[in-house]
Amino acid sequence: MNKKQLSFSQALIPIVGMIIMMIVGLKFLKVDSKIILISAASLAGGVAYWAGYSWKEIMDSIVDKISRVMPALFILLAVGVMIGTWM
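Caption draft 1: Focus on helix H4 (residues 55–86). Along its 32 residues, H4 runs 45 Å from first to last C-alpha, staying within 8% of the 46 Å computed at 1.5 Å per residue. The largest bend in H4 amounts to roughly 40° and is located at Met70, with the proline Pro71 lying one to four residues further along.

In structure tokens form, the structure reads like this:
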């Protein structure tokens with residue numbers, strides 16, 4: 001499948017969509033923020049799929065990004081546990 005080069009406005013679709021979903025969902029519909037973020041991630045995945053990326057490529061990219069962030073998350077978790085024990 002050919003991958004399309006997204007224009008700047010097309011690349012902004014997930015970001016603007018998430019902002020709109022957060023404003024409408026939290027302020028007017030009183031929806032939980034986790035559901036809104038999952039919906040925004042689905043929108044971003046749909047844009048990536050429309051751009052020509054396969055489901056496997058999208059999932060591999062997600063796993064790669066999460067694995068890069070894990071050390072920082074563990075440090076934050078350890079600091080949170082230490083602060084909790086000090087209190």
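Don't stop here, the text continues.
Caption draft 2: Examining the environment of Ser9 more closely. Assignment of secondary structure puts Ser9 in helix H1 (residues 8–11). The exposure class of Ser9 is exposed, given its relative accessible area of 52%. Only 3.2 Å separates the side chain of Ser9 from the side chain of Ser7, close enough to count as a polar contact.

Caption draft 3: The pattern of salt bridges, seen in detail. Tallied over the entire structure, the rule returns five salt bridges. For Asp60, the salt bridge goes to Lys56, with nearest N and O atoms at 3.1 Å. A residue pair is termed a helical-turn pair when its members lie 3 or 4 positions apart in one helix, as Asp60 and Lys56 do in helix H4 at four residues. Here Asp60 falls in the partly exposed class, since its relative accessible area comes to 43%. Taking the shortest distance from any N to any O, the salt bridge between Asp64 and Arg68 comes out at 3.4 Å.

Caption draft 4: How the structure looks around the environment of Met18. Structurally, Met18 is set in helix H2 (residues 13–28). A residue is classified by how much of its surface remains accessible, and Met18, at 33% relative accessible area, is partly exposed. Separated by 19 residues in sequence, Met18 and Leu37 have C-alpha atoms that sit 7.2 Å apart. Other than its neighbours up to four places away in sequence, Met18 contacts Leu37 and Ala40.

Rules used in this analysis
- Residues numbered from 1 in each chain as written.
- Predicted model: local features only at pLDDT ≥ 70, side-chain atom pairs only at ≥ 80, totals over all residues.
- Heavy atoms only, no water.
- Helix = DSSP H or I, 4+ residues; strand = E, 2+ residues; numbered from the N terminus.
- Expected span 1.5 Å × (residues − 1).
- Bend = angle between axes of the 7 residues up to and from the residue.
- Buried < 20%, exposed > 50% of the residue type's maximum accessible area, 1.4 Å probe, protein only.
- Polar contact = N/O pair within 3.5 Å; in protein donor to acceptor, adjacent residues only side chain to side chain.
- Salt bridge = Lys/Arg side-chain N within 4 Å of Asp/Glu carboxyl O.
- Contact = heavy atoms within 4.5 Å.

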